[in-house]
Structure formats: C-alpha cells, structure tokens
Amino acid sequence: SAFTLLQHTFFRKLKLQACLRYVIKSIVSEEVGSPASADYRRPLDKNYSSVSGSIGATYNITEKLLLRANIASAFRTPNLAELTSNGQHETRYEVGDDALIPEKSYESDLSVHYHENNYTLDFAGFINNIDNYIYISPTGDTTTSGLSIYKYLQSNSKLFGFEAGIHFHPASISWLHTETTFSSVTGKQNNGDFLPFVPANKLNIEIRVVKENLSIFHDSFIALNFNSAFKQDNPAPDETSTDGYALVDLSAGANIRLKNQALFLGISANNIFDKKYVDHLSTLKEVNFYNPGRNITLTLKVPFALKFSL
C-alpha cells in the first residue's frame, strides 16, 4: 500500500486533514482435502486493488467548544476465514464463500466536544453505507450431529448510531470522578432486514475516587462501574433477540515504592453479584452458555530495567 496525508490549519481555528491511500492485496492458498470430501476447500489465487481516502475538519468555535466532521471511503477484502471456512468452529459449523468480493464503505460522522476544567461533554453521530458488507449469519439449519450452521454472506447495508458521554469531577471534590457514556448502533441491510451480531445499546457509569498520596500508596484509586446492556430486539432473520442485563464491577489499586523498587498492586471483581447473562455477540448463545460470572483478579506489576555496557 501507499498513502499520503496532508494537514493544514487556517485562521488558527480551522484544521483540515486529507488522506489518500492505494492498496494492492493478494491472497493465495493451497487445496485442502479432496473434492469428494465434505470439508474440501478449493485453492485460492485472488488479487485486489482499491483507492480510498478521507477528509476531515476540526473547528474551534471557542477555546472550549470543538466541532469535528469527517467523510471517508474505505476498502476491505474478504479474509481466509470468510473465503474458505468449511468446518466446526467451537460450537457451530461455519461455511465460507470463495466468491465473496471486497467491501466498499462510505462513511460520514459529526461530533461536538465541550471541555471545561472540571467536566467534559462529548457527542458523536455517524452513518456508514457499505456495499457488499460481509457478515456471518445463522441459517436455521443444523448438521447431522446437531451443530448450528452459519454462513458468510454479503449484502449492501448501512450502520448508523451515536455515542454520548459526560465526565465530571467537582472542583470542590477533586478526588471524585464520575463518567457516563451511552452508545447505540443499528445495522440494516438495504432490503430492510436487520444485520446479525450488532451490539445492543449500552450505558456505562463509573464512579472513581483517586488519591495522589496515601501513606505508602501513590496514585491510589477505587472505582465502581455499572455496565448495562439494553434488550437487543432487532434480530436478523434466523437470529433471536437477547435480553438486557446489568453488571457491577469494583476495582482498586495503587503504586507502592519499596526502597528503590516501584510496584503496582491491584484487585478487581467483575460481575460481583454473579449475574447470569448472555451478550448478544456471544458465540455460545445458541448452546445456552452464559457469559462469565463473578471473576476476582489480583494484579502485581514489578517494572524493571536491564542495563548493558560494552
């Protein structure tokens, strides 16, 4: 590949950036098995090329208020799994398609950012139109051994959504930080069907207490996280909806110095209430396996350096 990047600032407020990229890609594989076998894979000898680019702008309305906008095109070739899969993968049977052609996307986004000394507000929206979008989808069929069959397909589609966040740390309580983010994405084929394996809307809230110096501890923190996924009730054909869930995580950590040695000591507990849930993106959903339950982790980091002299 070869690319060029140009950037220039006008009037100290408007920054423009443009990029142009040319890509050549070759995929070659050998024959696997015999044509009469069920898991036969034909040899590949494929060559792709494409030109893509982007242009974006950032405008400082004030020192605290920023406006960003971008438009871009992108190119992605099918990979080996998408082209040649023909066998069991974990708990399902995946089938590729060596006739898949590259994706071509046309994306635009707009974001607003307001940054004060003790809080920040961010909002970004996007839409991405993708020609020949490649995705894996359940077929509703099973193998003779009962494995669900999934196939790699492609269709003209679009992904659109937004992200919003607020980070607040009161000036009068400098050791307290709260951060809230919300994200939403929708994936649809141009024929109106929803795309499979699109994440549900999610809300994340973090409350963090930090202390620069506390006895022998430095840069210590305690963080409480609330992670909530809404019900995904826009399933694709042959896909089922997924119930929402809410998880609570707790973590703490600090740097410690023992003489000349620095250490980091931390502990975290994820899903502390041992909530039974399945994420919409889980590959184990169809066999009714839950996502991980309560998980407690202890962390000890010991940085060191090696010096050599000749």
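Residues numbered from 1 in each chain as written. Predicted model: local features only at pLDDT ≥ 70, side-chain atom pairs only at ≥ 80, totals over all residues. Heavy atoms only, no water.

> I would appreciate a short explanation of empty space enclosed by the protein in the present structure.
Where empty space is left can be seen by rolling a probe of water-molecule size over the atoms. Tallied over the entire structure, the rule returns one cavity of 30 Å³ or more. Its boundaries defined by the atoms lining it, the largest cavity holds a volume of some 50 Å³. Around the largest cavity, the lining residues are Pro199, Ala200, Ala229, Phe230, Gln232, Thr242, Asp243, Gly244, Tyr245, Asp279 and His280. Considered class by class, the residues forming the lining of the largest cavity number five nonpolar, four polar and two charged. (1 Å grid on protein atoms, 1.4 Å probe; cavity = no way out; pocket = protein on both sides within 12 Å on 5 of 7 lines; lining within 4 Å. Points joined across faces, edges and corners; volume = space filled by probe spheres on them. Nonpolar A, V, L, I, M, F, W, Y, C, P; charged D, E, K, R; others polar.)

> Is there a simple way to explain the environment of Phe10 in this structure?
In this fold, Phe10 is placed in strand β1 (residues 2-10). Considering only alpha carbons, one finds Phe10 and Asp279, 269 residues apart in sequence, at a separation of 46 Å. (Helix = DSSP H or I, 4+ residues; strand = E, 2+ residues; numbered from the N terminus.)

> Looking at this structure, how should I read the nonpolar core?
Side chains that are nonpolar tend, in soluble globular proteins, to be buried together. Counting residues in hydrophobic clusters, the biggest one holds nine residues: Ile27, Leu44, Tyr48, Leu83, Leu100, Ile134, Ile136, Tyr150 and Tyr152. Of all the secondary structure elements, the ones that give two or more residues to this core are β3 (44-60), β8 (119-142) and β9 (148-168). Leave out the neighbours within four places in its chain, and Ile27 touches Leu44, Asp45, Lys46, Tyr48, Thr77, Pro78, Leu80 and Leu83. (Core = buried A, V, L, I, M, F, W, Y, C linked by side-chain atoms within 4.5 Å. Buried < 20%, exposed > 50% of the residue type's maximum accessible area, 1.4 Å probe, protein only. Contact = heavy atoms within 4.5 Å.)

> How should I be thinking about the layout of surface pockets in this particular structure?
Computed from the structure, the largest pocket encloses a volume of approximately 260 Å³. In this structure, the largest pocket is lined by 16 residues; those nearest its centre are Pro138, Tyr150, Asp238, Glu239 and Glu286. For the lining of the largest pocket, the secondary-structure elements that each account for two or more residues are β8 and β9. No other element matches the five residues that β8 contributes to the lining of the largest pocket. Among the residues making up the lining of the largest pocket, the classes are represented as four nonpolar, seven polar and five charged.

> How should I be thinking about the pairing of β8 in this particular structure?
A regular strand places its side chains on the two faces of the sheet in alternate fashion. Where strand β7 (residues 103-115) meets β8, 12 bridges bridge the pair, whose relative direction is antiparallel. Across the sheet, residue Ser111 finds its bridge partner in β8, namely Ala124. The turn linking β7 back onto β8 is made up of three residues. As paired elements, β8 and β9 share 19 bridges and run antiparallel to each other. Following the sheet pairing, Ser137 is matched in β9 by Lys151. (Pairing = 2+ DSSP bridges.)

> Would you explain the pattern of salt bridges in this entry?
When charged atoms on two side chains of opposite charge get close, those side chains can pair. In this structure the tally under the stated criterion is seven salt bridges. Among the salt bridges present, the one from Glu116 reaches Lys64, with a minimum N-O distance of 3.0 Å. Of this pair, Glu116 sits in the loop between β7 and β8 while Lys64 sits in the loop between β3 and β4 (65-76), and the two are 52 residues apart along the sequence. Residue Lys202 pairs with Asp279 through a salt bridge whose shortest N-O separation is 3.6 Å. Placement of the pair is Lys202 in strand β11 (residues 202-214) and Asp279 in the loop between β14 (261-270) and β15 (295-301), with a sequence separation of 77 residues. Via salt bridges that share partners, Arg76, Glu82 and Glu103 belong to a single interconnected network. (Salt bridge = Lys/Arg side-chain N within 4 Å of Asp/Glu carboxyl O.)

> I'm lost on the side chain of Asp98 in this one. Help?
By the secondary structure assignment, Asp98 is in the loop between β6 (92-95) and β7. Judged by its relative accessible area of 18%, Asp98 is buried. Here Arg42 takes part through its side chain, which lies 2.6 Å from a polar atom of the side chain of Asp98. Every residue in contact with Asp98, bar those within four places of it in the chain, is listed here: Arg42, Leu44, Lys46 and Leu83. (Polar contact = N/O pair within 3.5 Å; in protein donor to acceptor, adjacent residues only side chain to side chain.)

> Please clarify how the environment of Ala124 should be interpreted in this entry.
Here Ala124 is to be found in strand β8. Ala124 sits in the partly exposed class, given a relative accessible area of 27%. C-alpha separation for the pair Ala124 and Gly161, spaced 37 residues apart in sequence, amounts to 8.6 Å. Setting aside residues up to four positions removed in sequence, Ala124 forms contacts with Leu110, Ser111, Gly161, Phe162 and Glu163.

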